[in-house]
2 protein chains.
Amino acid sequence: MGKKDKSSKKNKRNPGTSMTLGIDLGGTKILAGVVDEHGHILGTAKRKTRPERGVDAVIERIASTAFDAVEDAGLSMDLIDAVGIGAPGVADYNTGVIEFAPNLANWVNVPLGPRLQNLLGTPIYVENDVNAGTFGAATAGVAKGFRSVVGIFPGTGIGGGLVLDGQLWRGARNAAAEFGHMVVLIDGPLCGCGRRGCIEALASRSAIERDIAGELRGGRQSLATEYTDSEGRITSGALAELLDKKDALVTEVVGRAARHLGIFTAALVNAIDPECVVYGGGLIEACGSFMMPIIRGATYRYLIRPVEPENLPIFEAMLGDNVVLVGAAMLANASLKTP
Amino acid sequence: MGKKDKSSKKNKRNPGTSMTLGIDLGGTKILAGVVDEHGHILGTAKRKTRPERGVDAVIERIASTAFDAVEDAGLSMDLIDAVGIGAPGVADYNTGVIEFAPNLANWVNVPLGPRLQNLLGTPIYVENDVNAGTFGAATAGVAKGFRSVVGIFPGTGIGGGLVLDGQLWRGARNAAAEFGHMVVLIDGPLCGCGRRGCIEALASRSAIERDIAGELRGGRQSLATEYTDSEGRITSGALAELLDKKDALVTEVVGRAARHLGIFTAALVNAIDPECVVYGGGLIEACGSFMMPIIRGATYRYLIRPVEPENLPIFEAMLGDNVVLVGAAMLANASLKTP
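Visitor: Even after reading the chapter, I still don't get the overall build of chain A, so can you show me in this structure?
Guide: On a plain count of helices and strands, chain A comes out with 10 helices and 13 strands. Seen through its C-alpha atoms, chain A measures out along the principal axes to roughly 65 × 45 × 35 Å. A separation threshold of at least 6 residues defines the contact pool for chain A, and within that pool the share at least 24 residues apart is 64%.

Written out as structure tokens, the structure reads:
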């Protein structure tokens, strides 16, 4: 797609407005949505990802989902100015290459951007999904209007995103906001990354799972035995049910994880001093009503410069906010404006 | 000073150039220097601070030192466009008020900026000393030319400064870069701030002093007994001597502190992904040749995205760099350009 094609497109539409497509590429599903420049969704579509079918099949499924979303909005692809994709793993924003994505059946160096550009005929912007989600929250979600936002997304791991002065902060090597691997307990539990004491090794769903399994192996009684599979795995939804049933072990382990997240959040705020913090991710979506008050309490206690909570809100991104999809679309929109 | 006065000053000088005065206000000494817009020092002066004589006396001493520096440069005060001050403690950049400075005999809410403006007849910009030092390193010191810089200054405490996109990042509430109170060992040693496990409680000179005193009380043999005063205090210079003598206890304790600083540095880099890191402060100035290799080693090992050291240099600010003085002057210069 040359610049000429793009400008001819724009001529069909109101000058100064732009319409982008956002895609949330997850390990299990693909969500696509047409988004206007205010962050409103005009049409959506959804498909299973099926990463086990290989790279080519997934890229074709992304393209089909994109066309479906455009149709759902009553539009055609040539009215779309750009496409933004929030993808799991390490994405190189400049080249559109997914360097590494364990959740997509271990994609390595997949040129997702260039290949989709061939299929859709539109500029493609590829971004890490948590970066996109934080930008979505800051431009059209719970943190709309806030200029500097720390985004923390605990799930199987812990993802992070950082918006400073209204823009996504990617850092010097496109490696910023790797909050999950900040050490908060030197020489603490082993992390999936091979180091010790990362917040991800203390407060992700995987860490909670490990701690519960350890206690059960030690003979502790808990309803959790009924919710864990043969490999000791337990979903965020199951944790939420067990919290509702006031299971003592689960309450203790998840409560401790939440306290650790709060102390870690304070460390980040002490360093960056953002206008607000946004929490999201699978663990928070399931267990937020129990965890968020503990996270907030520990955060405010561990700030070196005390603030009134209203001056540093700690938001919970809502389920159904489509923050990744909207954020990816808004990033594509912003990229059009700053070439 | 009205705007009229300032513009009349400027008419005497080359248009487009500016000359500022930087002041490093410490607990023991005041350094002042005239600095051109490239960060070169044209003249300096120095006085003891003598904070025990009270606020009025200190402010007069600052003014005298400023006039001396201008004279040393062969200039007069009406050729100085603005004055920047790097002050210890919490400084409100917008009002010029020092909110709290334990090292200045506990100054509380001292309107340093407005009062000096009356004495010097020049716009005054007051900034935290470590912020000024980091900006000095980034604009005219070891990190000159780097656009995003994390500054870490271990001494009695641990100060921090953050430059992003070439500008000092002060955060939403003027509270950014409080790196010393990021928790790296949850529920670890008690910190001076009343919380536990802050990096300052693990790797400052005070923490090293505490750990050495504890071991000595426990009966461990060390040359450190000859270097500690009756209250168990030990200077950074004494630590350096003991390291030179290969004292086992001091080597162990300072080495551990350095490793902790490295793990903490990696946490900061994982979050912010700066172009470089600058270390300075009394502990590093004295013990840097021993500590910096350990700090660098631990930092690179704990980065979640490995980089070649040349792509993320970890600099040691040199003694005699006058980074706070130059940084304060450069901040005043930058403030003139962005009113």
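Visitor: Any chance you could explain the interface of chain A and chain B here in plain terms?
Guide: A common way to express how large an interface is: the accessible area buried when the components associate. The interface of chain A with chain B comprises 32 residues on the first partner and 33 residues on the second. Of the residues forming the side of chain A that touches chain B, the biggest block, 7 residues, is contributed by helix H8 (residues 248–272) of chain A. Taken together, the residues that form the side of chain A that touches chain B break down as 21 nonpolar, 5 polar and 6 charged.

Visitor: When you look at the nonpolar core in this model, what are you seeing that I'm missing?
Guide: The nonpolar side chains of a soluble globular protein tend to be buried with one another. Residues A:Ile23, A:Val83, A:Val184, B:Ile23, B:Val83 and B:Val184 are the most contacted members of the largest nonpolar core, which totals 230 residues. Excluding residues within four positions of it along the chain, A:Val184 makes contact with A:Gly197, A:Ile199, A:Leu202, A:His260, A:Ile263, A:Phe264, A:Ala267, B:Val183, B:Val184 and B:Ile186.

Visitor: Is there a simple way to explain the sheet that holds strand S13 (residues 314–316) of chain B in this structure?
Guide: Hydrogen bonds between backbone groups are what pair the strands of a sheet, and the pairing can be parallel or antiparallel. Residues and elements named next belong to chain B. Across the sheet, 5 strands lie side by side as S11-S10-S9-S12-S13; this open sheet has mixed pairing. This sheet does not close on itself; its edge strands, each paired only once, are strand S11 (167–168) and S13. Sheet topology places strand S9 (residues 149–154) next to strand S10 (residues 158–164); 6 bridges connect them, and they run antiparallel. Its bridge partner being in S10, Ile152 is matched across the sheet by Gly160. Helix H4 (residues 129–140) rests against S9, S10, S11 and strand S12 (276–279) of the sheet, and its axis sits at about 45° to S10.

Visitor: Is there a simple way to think about the relation of the copies chain A and chain B in this case?
Guide: Relating the two copies of this chain is a rotation about some axis coupled with a shift parallel to it. Screw-axis analysis of chain A against chain B gives a translation of 0.0 Å along the axis, an RMSD of 0.0 Å, and a rotation angle of 180°. Taken together, the turn and the small shift mark the pair as related by a two-fold rotation axis. The fraction of interface residues of chain A whose copies in chain B are also interface residues reaches 100%, indicating that both copies meet through the same surface.

Visitor: Which parts of the structure should I look at to understand the confidence of the model for chain A?
Guide: Detail in the predicted coordinates should be disregarded across regions flagged by low pLDDT. Residue and element names in this part refer to chain A. The predicted model of chain A has a mean per-residue pLDDT of 93, with 94% of residues at 70 or higher. Within the model, the stretch residues 1–12 combines pLDDT values under 50 with 8 contacts to residues more than four positions away or in other chains. Both scores are given for the predicted complex: the pTM is 0.93, the ipTM 0.93.

Visitor: What should I look at first to understand the sheet that holds strand S7 (residues 107–110) of chain B in this one?
Guide: Residues and elements named next belong to chain B. Pairing is antiparallel across the open sheet formed by 3 strands, whose spatial order is S5-S6-S7. The open sheet is flanked by strand S5 (90–92) and S7, the only strands paired with a single partner. On average, each strand axis in the sheet is inclined to that of its neighbour by 15°, with strand direction left out of account. In terms of strand pairing, strand S6 (residues 97–101) meets S7 through 3 bridges, oriented antiparallel. If you follow Ile98 over to S7, its bridge partner there is Val110.

Visitor: Whenever I open this one, the domain arrangement of chain A confuses me. Can you help?
Guide: All names here are of chain A. On domain assignment, one finds that chain A holds domain 1 (3–136 + 322–337) and domain 2 (145–316). Contact with domain 1, which involves 9 residues of that partner, is made by 14 residues of domain 2. For the side of domain 1 that touches domain 2, the elements supplying multiple residues, two or more each, are helix H4 (129–140) and helix H10 (323–337). Of the residues contributing to the side of domain 1 that touches domain 2, the split by class is 5 nonpolar, 3 polar and 1 charged.

Visitor: Which parts of the structure should I look at to understand the packing of H4(A) against H10(A)?
Guide: The relative placement of two packed helices is expressed as an angle between their axes plus a distance between the axes. Residues and elements named next belong to chain A. It is the contact of H4 with H10, at a shortest axis distance of 7 Å, that shows an interaxial angle of 85°. Judged by the angle between their axes, H4 and H10 are roughly perpendicular. Touching Asp129, Ala132, Gly133, Thr134, Phe135, Gly136, Ala137, Thr139 and Ala140 of H4 are Val323, Val324, Val326, Gly327, Ala328, Met330 and Leu331, all from H10. Split into classes, the residues belonging to the contact of H4 with H10 amount to 10 nonpolar, 5 polar and 1 charged.

Visitor: Would you mind going over unusual backbone geometry with me for this structure?
Guide: With the exception of glycine, most residues fall at negative phi, and the peptide bonds are largely trans. For A:Asn106, which is not a glycine, the phi torsion comes out positive at approximately 60°. Topologically, A:Asn106 is positioned in the loop between strand S6 (97–101) and strand S7 (107–110).

Visitor: Quick question: what am I supposed to make of the pairing of S6(A) here?
Guide: Note on strand geometry: in a regular strand, side chains alternate between the two faces of the sheet. Residue and element names in this part refer to chain A. Here strand S5 (residues 90–92) pairs with S6 via 3 bridges, running antiparallel. From the neighbouring strand, Ala91 faces S6, where its bridge partner is Ile98. Counting the residues between successive antiparallel strands, the hairpin from S5 to S6 contains 4 residues, one of them, Gly96, with a positive phi of roughly 75°. Between S6 and the antiparallel strand that follows it, S7, lie 5 residues; Ala105 among them carries a positive phi value of about 55°.

Visitor: Could you clarify how one ought to interpret the pairing of strand S2 (residues 29–36) of chain A in this entry?
Guide: All names here are of chain A. With respect to burial, S2 is a largely interior element, 6 of its 8 residues being buried. Where strand S1 (residues 19–25) and S2 come together, 7 bridges link them in antiparallel fashion. When the sheet's bridge partners are listed, Gly22 is paired in S2 with Gly33. Adjacent in sequence and paired antiparallel, S1 and S2 are bridged by 3 residues. Sheet topology note: the S2/strand S3 (residues 41–48) ladder contains 7 bridges and is antiparallel. Across the sheet, Ala32 pairs through a bridge with Ala45, a residue of S3.

Visitor: Any chance you could explain helix H9 (residues 282–301) of chain A here in plain terms?
Guide: Along its length, H9(A) reaches its greatest deviation from straightness, about 100°, at A:Gly288. Buried residues of H9(A): A:Leu283, A:Ile284, A:Glu285, A:Ala286, A:Cys287, A:Gly288, A:Met291, A:Ile295, A:Arg296 and A:Thr299, and no others.

Visitor: How should the packing of H8(A) against H9(A) be read in this particular structure?
Guide: All names here are of chain A. Across the interface, H8 lies against H9 with an axial gap of 7 Å and an inter-helix angle of 45°. Classified by the angle between their axes, H8 and H9 sit oblique to one another. Two packed elements cross with a definite hand, and for H8 against H9 that hand is right-handed. Taken together, the residues of H9 that come into contact with H8 (itself represented by Val254, Gly255, Ala258, Arg259, Leu261, Gly262, Ile263, Thr265, Ala266 and Val269) are Cys287, Phe290, Met291, Ile294, Ile295, Arg296, Gly297, Ala298 and Thr299. Grouping the constituent residues of the contact of H8 with H9 by class yields 12 nonpolar, 5 polar and 2 charged.

Visitor: What am I meant to see in helix H3 (residues 112–120) of chain A here?
Guide: Structurally, the α-helix is built with 3.6 residues per turn, so residues lying three or four positions apart point the same way. All names here are of chain A. Among all positions in H3, only Leu112, Gly113, Leu116 and Leu120 are buried. Taken end-on, H3 shows its buried residues confined to a sector of 90°, consistent with a single buried face. Structurally, H3 contributes buried residues whose contacts are with helix H2 (55–72), strand S4 (82–87), S6, S7 and strand S8 (124–128). With its phi angle positive at about 65°, Gly121 sits one or two positions after the end of H3.

Visitor: Where do I start with the environment of B:Gly160 in this structure?
Guide: Residue and element names in this part refer to chain B. Here Gly160 shows up in strand S10. Through-space distance from the C-alpha of Gly160 to that of Gln117 is 27 Å; in sequence the pair is 43 residues apart. With residues up to four places along the chain from it excluded, the contact list for Gly160 reads Val130, Gly151, Ile152, Ala177, Glu178, Phe179 and Gly180.

The rules behind these values
Residues numbered from 1 in each chain as written. Chains lettered and ligands numbered in written order. Predicted model: local features only at pLDDT ≥ 70, side-chain atom pairs only at ≥ 80, totals over all residues. Helix = DSSP H or I, 4+ residues; strand = E, 2+ residues; numbered from the N terminus. Contact = placed C-beta atoms within 7 Å. Nonpolar A, V, L, I, M, F, W, Y, C, P; charged D, E, K, R; others polar. Core = buried A, V, L, I, M, F, W, Y, C linked by C-beta atoms within 7 Å. Buried ≥ 20, exposed ≤ 12 C-beta atoms within 10 Å, placed from the backbone. Pairing = 2+ DSSP bridges. Axes fitted to C-alpha atoms, helices over the stretch in contact; angles between N-to-C directions. Least-squares fit on C-alpha atoms with pLDDT ≥ 70 in both. pLDDT = per-residue confidence, 0-100. Domains from an automatic or database assignment. Parallel < 35°, antiparallel > 145°, perpendicular 65-115°, else oblique. Bend = angle between axes of the 7 residues up to and from the residue. Left-handed = near helix turned anticlockwise from the far one by under 90°. Arc of directions from axis to C-beta.

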